[in-house]
Amino acid sequence: MPSTRLKLHSMGFSRWLNRTVGFIVFFVLDIVDFLLCFTYKTLDFFFESEWKPCYCCPPPEAKPTAAGGSRGGKMIVSERSGDYSKVVSLTRTKIHLDEISDTLYSRPSLLTKLTKLVKCFKKDAVKCYDESKKRIPSTKKTILTVNSTVVEKLQRTPRWSDCHCTFCTSWLSSSNHSLFVNVQQPKDNKAQENVVFIHGFLSSSTFWTETLFPNFSDSAKSSYRLLAVDLLGYGKSPKPNDSLYTLKEHLEMIERSVISQFRLKTFHVVAHSLGCILALALAVKHPGAIKSLTLLAPPYYSVPKGVQGTQYVMRRVAPKEVWPPMAFGASVASWYEHISRTVSLVLCKNHHLLEFLTRLLTGNRMRTYLIEGFLCHTHNASWHTLHNIIFGSGSKVEAYLDHIRDNVDCDVTVFHGGRDELIPVECSYGVKRKVPRARIHVVPDKDHITIVVGRQKEFARELELIWRRSTTPQLHTIN
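Residues numbered from 1 in each chain as written. Predicted model: local features only at pLDDT ≥ 70, side-chain atom pairs only at ≥ 80, totals over all residues. Heavy atoms only, no water.

- Labelled according to an unreviewed UniProt entry, the protein appears under the name Probable lysophospholipase BODYGUARD 2, originating from Camelina sativa.

Structure, rendered in structure tokens:
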């Protein structure tokens, strides 16, 4: 009994210490990010001859123009409702929703709260009260505001802070601007089935081609056409600055570059982390084409009723805590636009140097494909993909799973590392609750990466078993 009390007391003290240190550390980071905002505006103007907007401030109000918008007759506006906004794309003839997460603009920090408090004290008390009443969604009128961040990024050339090496800019020399797809198929080009591999956040197709592809059996290599894709903004795929990297854009690029390009009528899907969201969306959009769905560490968080889904998922993935280190890294990447841009500037722009140093320090024993996948992207791509896919799909994944349970007749298998500190195992169990026929495999002592890396031979055999099982005629229970 005393030992139990001591253990509970120790856990309580650890949580208190984590929160206290976190409060101090993240307040300092708030100030640093605030200062970096002005630093990058100055540097952007110096290198690119124009001021570049960011997401630190809410979008300015729209102003009518003679040409009907911005460059190319296109204007991006956001529909404000309460404290949140949805961004829509306005063309000459129609308005359509772009799936933009409100977390891009709504990332409250202690510094911004203090700033708002000071401004509020400067105003008349009655005006503050009236403004608070106007923020109620049911009574506030819709306001359209220009999203200047999008308007100003309508350019294809790499920014000064992005890597300009031949690897990262290889897509500029291509005329079709499709995604890069690494294909392994039988020598006689007569594959019986197709498998599409979708990597996770801050990764690339090498996550699959350097681990699984060499370890598939001869039988599998002669039967399956394996297609590993670099997602938009990653690896050798296009990294346009005018893209917001929404779910719609990612899906359309996969459909055009993989499904249409290789004329896939049916296919299996293997996806990791962020890729699981895209895999679920593909299954919903192409229910008759999916033969099996294999998800590794799916980021599914069951959002409580009445809670803003995007904000809830962001706080689950990035809880603003200094421990464990994975949580701290995720918090910095998610909450701080300019600090994360600095990290990208230092690491991604110098990825060749880091790869060289890694080989030098390890005596060329360490393969650097993970470094390539982790660093070969732009900040614009990683920042928008994180917010618009992982956070922005917070309320959509549940609907996807419901649709797959009821309308998609395919084998569903989920793998999760028992020691995954980035995406908790509860996410996979949540998938099982939504799709009862899903098979869950929790691999002990494996984390977010080693669920594949280090056990690639074993996992290759598990995938082959899944594909054979899904090919054999059987009845799935569709509710």
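### As for the UniProt feature "transmembrane region" (unreviewed entry) in the protein
Step number 1: Under the local residue numbering, the UniProt record ascribes the feature "transmembrane region" (unreviewed entry) to residues 20-40.
Step number 2: Segment residues 20-40 splits into 100% helix and 0% strand. End C-alpha atoms: 30 Å apart. (UniProt positions renumbered as here; feature names shortened; annotations may be inferred. Helix = DSSP H or I, 4+ residues; strand = E, 2+ residues; numbered from the N terminus.)

### Notes on empty space enclosed by the protein
Step number 1: Using the criterion set out here, one finds three cavities of 30 Å³ or more in the structure.
Step number 2: As a volume, the second largest cavity reaches approximately 70 Å³.
Step number 3: Around the second largest cavity sit Pro-158, Asp-162, Cys-163, Cys-168, Thr-169, Trp-171, Lys-239, His-377 and Thr-378, which together line it. (1 Å grid on protein atoms, 1.4 Å probe; cavity = no way out; pocket = protein on both sides within 12 Å on 5 of 7 lines; lining within 4 Å. Points joined across faces, edges and corners; volume = space filled by probe spheres on them.)

### Section: the layout of surface pockets
Step number 1: Considering only enclosed or pocket space, the second largest pocket measures out at about 950 Å³ in volume.
Step number 2: Taken together, 37 residues make up the lining of the second largest pocket; nearest its centre are Phe-201, Leu-202, Ala-333, Phe-374 and Leu-422.
Step number 3: Mapped onto the lining of the second largest pocket, the elements with two or more residues apiece are α5 (206-209), α10 (325-335), α11 (337-347), α13 (369-375) and α14 (379-391).
Step number 4: Here the lining of the second largest pocket takes six residues from α10, the largest share from any one element.
Step number 5: Tallied by class, the residues present in the lining of the second largest pocket amount to 22 nonpolar, 15 polar and no charged. (Nonpolar A, V, L, I, M, F, W, Y, C, P; charged D, E, K, R; others polar.)

### Some points on the side chain of Thr-413
Step number 1: Of note, Thr-413 is situated in strand β10 (residues 411-417).
Step number 2: Only 3.5 Å separates the side chain of Thr-413 from the side chain of Arg-469, close enough to count as a polar contact.
Step number 3: Non-local contacts of Thr-413, meaning those with residues more than four positions away in its chain, are made with Leu-293, Thr-294, Leu-295, Arg-439, His-441, Ile-466 and Arg-469. (Polar contact = N/O pair within 3.5 Å; in protein donor to acceptor, adjacent residues only side chain to side chain. Contact = heavy atoms within 4.5 Å.)

### As for the pairing of strand β6 (residues 193-198)
Step number 1: Across the six residues that make up β6, a large majority, six, are buried.
Step number 2: Neither face of β6 is open: one carries Glu-193, Val-195 and Phe-197, the other Asn-194, Val-196 and Ile-198, and all of them are buried.
Step number 3: Two elements, β6 and strand β7 (residues 224-229), share six bridges in a ladder whose sense is parallel. Looking across to β7, one finds that Asn-194 is bridged to Arg-225. (Buried < 20%, exposed > 50% of the residue type's maximum accessible area, 1.4 Å probe, protein only. Pairing = 2+ DSSP bridges.)

### A word on the environment of Tyr-400
Step number 1: With respect to the element layout, Tyr-400 can be found in helix α15 (residues 397-407).
Step number 2: Note on Tyr-400: relative accessible area 14%, which makes it buried.
Step number 3: Linking Tyr-400 and Leu-282, residues 118 residues apart in sequence, is a C-alpha distance of 9.6 Å.
Step number 4: With sequence-adjacent residues up to four places away left out, Tyr-400 is seen in contact with Leu-247, Ile-277, Leu-280, Ala-281 and Val-284.

### Here's the deal with helix α12 (residues 351-361)
Step number 1: Every buried residue of α12 is listed here: His-351, Glu-355 and Thr-358. Looking straight down α12, one finds that the buried residues subtend no more than 60 degrees of arc, so they occupy a single side. Across α12 from its buried face, at more than 90 degrees, point the exposed residues Leu-360 and Leu-361.
Step number 2: Tucked into the core, α12 has its buried residues touching α11 and α13.
Step number 3: Two residues or fewer after α12 comes Gly-363, characterised by a positive phi angle close to 65 degrees. (Arc of directions from axis to C-beta.)

### Digging into the side chain of Arg-455
Step number 1: Considering the arrangement of structural elements, one finds Arg-455 in the loop between β11 (439-443) and α17 (456-471).
Step number 2: A relative accessible area of 5% means that Arg-455 is categorised as buried.
Step number 3: Excluding its chain neighbours within four sequence positions, the residues that come into contact with Arg-455 are Val-443, Lys-446, Thr-450 and Glu-462.

### Observations concerning the sheet that holds strand β9 (residues 290-296)
Step number 1: Across the sheet, seven strands lie side by side as β5-β7-β6-β8-β9-β10-β11; this open sheet has mixed pairing. This sheet does not close on itself; its edge strands, each paired only once, are β5 (181-184) and β11. Averaged over all pairs of adjacent strands, the angle between their axes in this sheet comes to 15 degrees, without regard to strand direction. (Axes fitted to C-alpha atoms, helices over the stretch in contact; angles between N-to-C directions.)

### Brief notes about the nonpolar core
Step number 1: Residues Ile-198, Leu-247, Ile-254, Val-258, Phe-267, Leu-280 and Leu-293 are the most contacted members of the largest nonpolar core, which totals 67 residues.
Step number 2: Contacts of Ile-198, omitting those with residues within four sequence positions, involve Trp-208, Val-229, Leu-231, Ile-254, Val-269, Val-270, Ala-271, His-272, Gly-275, Leu-278, Ala-279 and Leu-282.
Step number 3: Counting residues in each nonpolar core, the second largest holds 24 residues, with Ile-451, Val-452, Val-453 and Ile-466 among its members. (Core = buried A, V, L, I, M, F, W, Y, C linked by side-chain atoms within 4.5 Å.)

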